[in-house]
Amino acid sequence: MRIACPHCGERSLDEFLYSGDATVKRPDFAGTTAMDDFVTYTFERTNPPGPHRELWYHAAGCHAWLVVTRNVSTHAVASVELARDVALAAKSATKDSAS
Amino acid sequence: MTAAPIGYGRQSNRLASGGLIDRSKTLHFTFDGKTYAGHPGDTLASALLANGVVLTARSFKYHRPRGILAAGSEEPNALVELRDGARREPNTKATVAELFDGLTATSQNRWPSLAFDLLSINSLFSPVFVAGFYYKTFMWPAALWEKLYEPLIRRAAGLGRASDDADPDTYEKATAFADVLVIGGGPAGLAAAQAAARTSARVILVDENAALGGRAVDDASEIAGNPAHEWVKMLEGELSRNPEVRILRRTTVFGSYDGGTYGALERVSDHLPHPAPGAPRQRLWRLVAKKVVLATGATERPIVFGGNDRPGVMLAGAVRTYVNRYGVVPGQRVVVFTNNDYGATTASDLVRAGADVVALVDSRPEISDHVYRITNETGVRLISNAAVTDALGKRHVTGADIRLGDGERIELACDLIAVSGGWNPNIQLTTHLGGKPVWNDRLHAFLPGAVPAGMSLAGAVAGDLTLAKSLAGGNAAGSAAADESGHKAIAVPVPTAIAESDAVTPLWRVIGYKGKAFVDQQNDVTEKDIALAEREGFRAVEHLKRYTTLGMATDQGRTANVNALAIMAELTGRTIPETGITVARPPYSPVALGALAGHHRGKSFKPTRLPPSYRWAKEQGCVFVETGLWLRPSYFPRPGERDWLETVTREVNTVRNAVGICDVSTLGKVDVQGAGAAAFLDNIYMNGLKTLTVGKCRYGGMLREDGILMDDGTVARLGENHFFITTTTANAVKVVQHMEYCAQWLWPELDVQIVSATEQWAQYAVAGPKSRALLQKIVDPAFDISDSGFPYLGVGEITVCGGIKARLFRLSFSGERAYEIGVPARYGDALIRRLMEAGEEFGACSYGTEALGVMRIEKGHISGPELNGTTTPQDVGLGGMVAKKKDFIGSVLGKRPGLVDPDRPSLVGFRPVDRSARLRSGAHFLARDARPEAANDEGYMTSVAYSPSSGHWVGLGLLRRGPERLGEIVRAYDPVRGADTLVEVVSPVFVDPEGGRVRG
Ligand SMILES: [Zn+2]
């Protein structure tokens, strides 16, 4: 498999580390259901076929964390984004909807 | 090539002319100790056939005599041990082993000799060895498996002997990128490579064999009005002059992987007695291509009939290859048995080579004009609507039993039966990523279904079995691939070829044979085994394979799988696609582990990291220890010291009484900067760091999100927005990864930059009551390092030795007054020498990881054995450090009931009741009178050391409710080493419990 790092270009799989689901959001530690929320966030995963949003780390490259959209049935990579950009966009979206 | 075969030296089957071998040079080789002659260009198989050697192996289960069936990598029978000594390699296919002068080969699976094999008696007991024999015969006493059955079977089966010596050769790995990768150097692949290379595209052409040309050369076809081998030579010239083209010969693409990645093995030196100096034996390629033209051709399939495994039964295409490429006629009286039009052209080649073709036995009632034309031209007797039911003979074919259309039987004397059951396209590389093949009703073969992204097909693998179609298909595929990879196609004329016929009417097995009829010759699976599997319900392809071991040997069943499937289909009354499909997994052909390892073996398995003081320490006669990738000083023996314990004790005493110096550069070091750095670190450490003032250090612990301790170290604040943290040696890489994750993904709004500085700084601990006095000699006078100016846990950027920039930390792992001094790594060697020189007057010594470990245990500091991925801060006595109000990684799940249960084993110290007793880490704690069983387990000893400061062994361990049990006597029970020691539960701090010494 090959992943196109936005910083480094297309590189071989062995430069990257897979690090799980990019759709879960770290819960609020002060919420009333914090313990349940963190258990779900940390441990509970489904594994459906088809496209996944995944976190990957360019370990043997620029050290960027990436959000890779990948079909786990075919390994086809649909998109690669910088995790920082994805996270910032999500945070500003939350802010906008709150205001 | 019109001359009749004449004796050529002892090569009685060698033609006087023709083929692509160099008759001007003679090579000598031995097979089973006898010497033979061959020529450059030969394979071991062609040279053996030239010498009239037809019996080359014994079969795996029944020890039946076997010869050479094929001429390529699909060969199931002719496996030999090649070379001797350390280079001896079992299971080498004689059909792909290129001949070199001095080659030695030994047949396998025979005892005591190939011609007289005692174990062929297995044949008489063959009912025992039917399908599923492993499962059925050896069900009882399981214990006998290891001791009796398996050694017996292995001895009897003789899978070849690997060398006991280390492999003397090297292997390497390489990566190459291409716009167009062409797999297969036959006519289709060559035409594709030519068309692609005429554009500006970067082209890689890969072929399994030493020589390009594939079947066009094997069949002595004509291309563009020339003999095929001349056309191939011309094209090779064109391609090799093009700097954008790389031709990899003797290279097998063994696997398709995602993203246009292909694995290939280049046999760089396998055709030589030994590799040239500096050259590898084999090279493992990772080929990455935008577009791939798959031109892997097809493999001929046998027809299943009685005695079809006898030496002298060969595939028709292989016979043509030996005649046309190697100038060898493998038999003088030949019966050709076929169900397709390829049989006739085989007969024609044999006649041209001077062999007596006794008959062309064609199973089809209706014969095409193509066949009639050839039999008329050559005068070969055509027997249509007939089948060879049995190959007669024992160690060699002596005749063919033929059943005619009306049921009558005739027997023809012959020494060679050339068989063609049609062709199976080599589709393996299209199925590695899950592509499902589809059945083609015209060719009666599987063709590729969905292919990997970027792949196109050309030639036989695309179903184009004739030369003209192969050339046209290759030409078109090569142009299209170059175009799609961004290199505008240029029209290249398609070379012409004579029309051929690929008509076939399936015949999978002959009914009414007498002997054994083999489907998979390498695994000795017979037609009856398939019938048995069917009767016993193993009808699905995957069940059939596992029950009979069909297709599971080194040839991957390339001559067997489709026949087996077709026979199962006939037996169950289903169509072939209904019965199943044949899909393959990588590798296409065996890949040696040595090639996969490449240079990563022995000391080169992983890199060795040397700390900055390495050279100096080596001069001192230091004993080193591997910790992860690092080679760290373990201890520094001095003359007269009897053992390591004496050395380590001296090193500890020197630190406790004077001063010692230790290289701590291997600790992970991370520079953290930015306006958000303080807030960021507060998020990832379990203890509060916001209150850490500039110029101060603090001990810190990190948790995983699940609440388990991940790492510990120190945090130094060098400036308002500048921190420098240390991690344990083992976790240096992991912590940086974790910090990047937190910074980029969890808290991207914080302004923080993280960079690993482990290798940028040489850092030494200077520990002991005289440490400040020593440092005063090297720290430049402008800097105040008095206790008031530089107290415990201070940090400062200073200069040493007259202006060298340095960092000084007042940290202690030993419990003594201590400092860590860091300088840019390039000064590391100079600094250790200067420190030791300056320390001479104080009686300073250097100490290594052993003394470091002893002193941390004496002080009750945790390290790797306690930070073991199962412990919480509370478990190791750090519960008080955990912040209560803030959010940090692990803050919530660290409060799970199971993790805060006071019943959990927690850190305490231990000393033996009998002070002379030795402690062992790993010992489990039991109440004094408890029976030694798991239910009574109360925890275990994590770290032990002989404590020079206490005068006896001390230990740290995790004991259930440990801190509440100080003074209690428990058992340290160690059945592994036969120890059962009474120990007293004590505080984990054995030295200076008040902690006054670190402050001075
Ligand atoms: Zn990158």
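Please read these numbers as outputs of a predicted model, since none were measured by experiment.

Novice: Please provide a residue-by-residue account of the overall build of chain A, values included.
Specialist: In terms of helices and strands, chain A carries two helices and six strands. The N-to-C order of helical and strand elements in chain A reads β-β-β-α-β-β-β-α. Expressed as lengths along the three principal axes of its C-alpha atoms, the size of chain A is roughly 45 × 30 × 20 Å. Here chain A holds 99 residues, and the buried ones make up 32% of them. Considering only contacts in chain A between residues 6 or more positions apart, those separated by 24 or more positions represent 43%. When the accessible surface of chain A is totalled, it reaches about 5500 Å², and 56% of it is carbon and sulfur.

Novice: Give a detailed account of the pairing of strand 46 (residues 939-947) of chain B, specifying residues and quantitative values.
Specialist: Two elements, strand 46 of chain B and strand 47 (residues 952-960) of chain B, share eight bridges in a ladder whose sense is antiparallel. Pairing of B:Ser947 across the sheet is with B:His952, part of strand 47 of chain B.

Novice: Hey, could you go over the coordination of the zinc ion for me, with residue numbers and the actual values?
Specialist: Residues and elements named next belong to chain A. The protein atoms that coordinate the zinc ion are Cys-5 (SG), Cys-8 (SG), His-58 (ND1) and Cys-62 (SG), at distances spanning 2.1 to 2.3 Å. Considering all four donor atoms around the zinc ion, angles at the metal cover 105 to 118° and the coordination shape is tetrahedral. Taken in sequence order, the residues that donate to the zinc ion follow the motif C-x2-C-x49-H-x3-C. With Cys-5 in strand 1 (residues 2-5) and Cys-62 in the loop between strand 4 (51-57) and strand 5 (65-71), this residue pair connects regions lying 57 residues apart in the sequence. A relative accessible area of 3% places Cys-5 in the buried class.

Novice: Give me the lowdown on helix 6 (residues 228-241) of chain B, citing residues and values where you can.
Specialist: For helix 6 of chain B, which comprises 14 residues, the first-to-last C-alpha distance of 20 Å matches the rise-based estimate of 20 Å (1.5 Å per residue) to within 8%. For helix 6 of chain B, the set of buried residues is B:Ala228, B:Trp231, B:Val232, B:Leu235, B:Glu236, B:Gly237 and B:Leu239.

Novice: I'd like to hear about the sheet that holds strand 1 (residues 27-31) of chain B, residue by residue, with values.
Specialist: Sheets are built from strands paired through backbone hydrogen bonds, the pairs being either parallel or antiparallel. Residues and elements named next belong to chain B. Pairing within the open sheet is mixed, and its five strands lie in the order 2-1-7-5-6. The sheet is open, and its two edges are formed by strand 2 (34-38) and strand 6 (89-93), each paired on a single side. Taken over all neighbouring pairs, the strand axes of this sheet differ in orientation by 40° on average, direction set aside. Here strand 1 runs beside strand 7 (residues 103-107); their pairing, made up of three bridges, is parallel. Note that in strand 7 the partner of Phe-29 across the bridge is Leu-103.

Novice: So what's going on with the sheet that holds strand 17 (residues 313-315) of chain B? Which residues, and what values?
Specialist: Residues and elements named next belong to chain B. The five strands lie next to each other as 17-24-18-19-20, forming an open sheet whose pairing is parallel. Across the chains shown, the open sheet's two edge strands, defined by having one partner strand only, are strand 17 and strand 20 (382-384). Looking at each pair of strands side by side, their axes are set apart by 20° on average, direction ignored. By the bridge criterion, five bridges tie strand 18 (residues 333-338) to strand 24 (residues 416-420) in an arrangement that is parallel. By the bridge assignment, Thr-338 is partnered in strand 24 with Ser-420.

Novice: Account for helix 22 (residues 828-839) of chain B, naming residues and giving values.
Specialist: Along an α-helix, a turn takes 3.6 residues, which lines up residues three or four apart on a common side. Residues and elements named next belong to chain B. The first and last C-alpha atoms of helix 22 sit 16 Å apart over 12 residues, in line with the 16 Å expected at 1.5 Å per residue. Looking only at helix 22, the buried set comprises Gly-828, Asp-829, Leu-831, Ile-832, Leu-835, Met-836, Ala-838 and Gly-839. Of the surrounding secondary structure, the elements contacted by the buried residues of helix 22 are helix 17 (614-619), strand 33 (660-663), strand 39 (761-767), helix 21 (771-776), strand 42 (818-824) and strand 43 (845-846).

Novice: I'd like to hear about the environment of B:Lys394, residue by residue, with values.
Specialist: Residue and element names in this part refer to chain B. In this structure, Lys-394 sits in the loop between strand 21 (387-393) and strand 22 (397-403). Between the C-alpha atom of Lys-394 and that of Pro-65, which follows or precedes it by 329 residues, the distance is 7.9 Å. Non-local contacts of Lys-394, meaning those with residues more than four positions away in its chain, are made with Pro-65 and Arg-310.

Novice: So what's going on with the pairing of strand 1 of chain A? Residues and values would help.
Specialist: The two faces of the sheet receive side chains in turn, since in a regular strand these alternate between them. All names here are of chain A. In this sheet, strand 2 (residues 9-12) lies alongside strand 1 in antiparallel orientation, the contact comprising four bridges. Among the inter-strand pairings, Ala-4 is bridged to a residue of strand 2, identified as Glu-10. Where strand 1 folds back on strand 2, the antiparallel hairpin that results is connected by three residues.

Novice: Quick one: what's the story with the interface of chain B and chain A, residue by residue and with numbers?
Specialist: Reports of interface size often rely on the accessible area that becomes lost once the parts have come together. The interface is formed by 30 residues belonging to chain B together with 29 residues belonging to chain A. Taken together, the two surfaces of chain B and chain A that pack against each other cover about 2600 Å², and 60% of this comes from carbon and sulfur. Joining chain B to chain A, the criterion identifies four salt bridges. Our count for the contact surface shared by chain B and chain A stands at 12 residue pairs in polar contact (both at pLDDT 80 or more). Of all the elements in the fold, those that place two or more residues in the side of chain B that touches chain A are strand 15 (282-294) and helix 20 (732-746) of chain B. For the side of chain B that touches chain A, the element with the highest residue contribution is helix 20 of chain B, accounting for eight residues. Classifying every residue of the side of chain B that touches chain A by side-chain character gives 13 nonpolar, six polar and 11 charged.

Novice: Can you explain the packing of helix 12 (residues 527-535) of chain B against helix 13 (residues 541-548) of chain B? Please cite residues and give values.
Specialist: Residue and element names in this part refer to chain B. With their axes 10 Å apart at the nearest point, helix 12 and helix 13 run at an angle of 120° to one another. The angle between helix 12 and helix 13 places the two elements in the oblique class. Helix-helix and strand crossings are classified by hand; for helix 12 and helix 13 the assignment is right-handed. Residues Asp-529, Ile-530 and Ala-533 of helix 12 form the contact with helix 13, whose own contacting residues are Leu-544, Tyr-547 and Thr-548.

Novice: Lay out unusual backbone geometry in plain terms, naming residues and giving numbers.
Specialist: The step from B:Pro586 to B:Pro587 runs through a cis peptide bond, and the omega angle for that step is 0°. Mapped onto the elements, B:Pro587 comes out in the loop between helix 15 (576-579) and helix 16 (593-597). Even without being a glycine, A:His63 presents a positive backbone phi close to 70°. Mapping A:His63 onto the fold places it in the loop between strand 4 and strand 5. Positive phi outside glycine occurs at A:His75, with the angle close to 65°.

Novice: Would you mind going over the nonpolar core in detail, with residue names and values included?
Specialist: Ranked by size, the top nonpolar core spans 56 residues in total, and within it B:Phe29, B:Leu44, B:Leu103, B:Tyr322, B:Val336 and B:Leu350 carry the most contacts. B:Ala176, B:Phe446, B:Val461 and B:Tyr547 belong to the second-largest nonpolar core, a separate cluster that totals 42 residues.

Novice: I'd love a proper account of the pattern of salt bridges, names of residues and values included.
Specialist: Applying the stated rule across the entire model yields 68 salt bridges over all chains. The closest approach of N and O atoms between A:Glu81 and A:Arg53, which form a salt bridge, is 2.7 Å. Of this pair, A:Glu81 sits in strand 6 (residues 77-82) while A:Arg53 sits in strand 4, and the two are 28 residues apart along the sequence. The exposure class of A:Glu81 is partly exposed, given its relative accessible area of 29%. Overall, the relative accessible area of 30% leaves A:Arg53 in the partly exposed class. For B:Glu542, the salt bridge is made with B:Arg546, and the minimal N-O distance between the two is 2.8 Å.

Each value, and the rule that gives it
Residues numbered from 1 in each chain as written. Chains lettered and ligands numbered in written order. Predicted model: local features only at pLDDT ≥ 70, side-chain atom pairs only at ≥ 80, totals over all residues. Heavy atoms only, no water. Helix = DSSP H or I, 4+ residues; strand = E, 2+ residues; numbered from the N terminus. Buried < 20%, exposed > 50% of the residue type's maximum accessible area, 1.4 Å probe, protein only. Contact = heavy atoms within 4.5 Å. Areas by Shrake-Rupley, 256 points an atom, 1.4 Å probe, with all protein chains shown as cover. Pairing = 2+ DSSP bridges. Donors = N, O, S within 2.8 Å, 3.2 Å for Na, K, Ca; no water. Tetrahedral: all angles 85-135°; square planar, octahedral: opposite > 155°, others 65-115°. Expected span 1.5 Å × (residues − 1). Axes fitted to C-alpha atoms, helices over the stretch in contact; angles between N-to-C directions. Buried area = accessible area lost by both parts, 1.4 Å probe. Salt bridge = Lys/Arg side-chain N within 4 Å of Asp/Glu carboxyl O. Polar contact = N/O pair within 3.5 Å; in protein donor to acceptor, adjacent residues only side chain to side chain. Nonpolar A, V, L, I, M, F, W, Y, C, P; charged D, E, K, R; others polar. Parallel < 35°, antiparallel > 145°, perpendicular 65-115°, else oblique. Left-handed = near helix turned anticlockwise from the far one by under 90°. Core = buried A, V, L, I, M, F, W, Y, C linked by side-chain atoms within 4.5 Å.

Function cannot be read off these values alone, since they describe shape.
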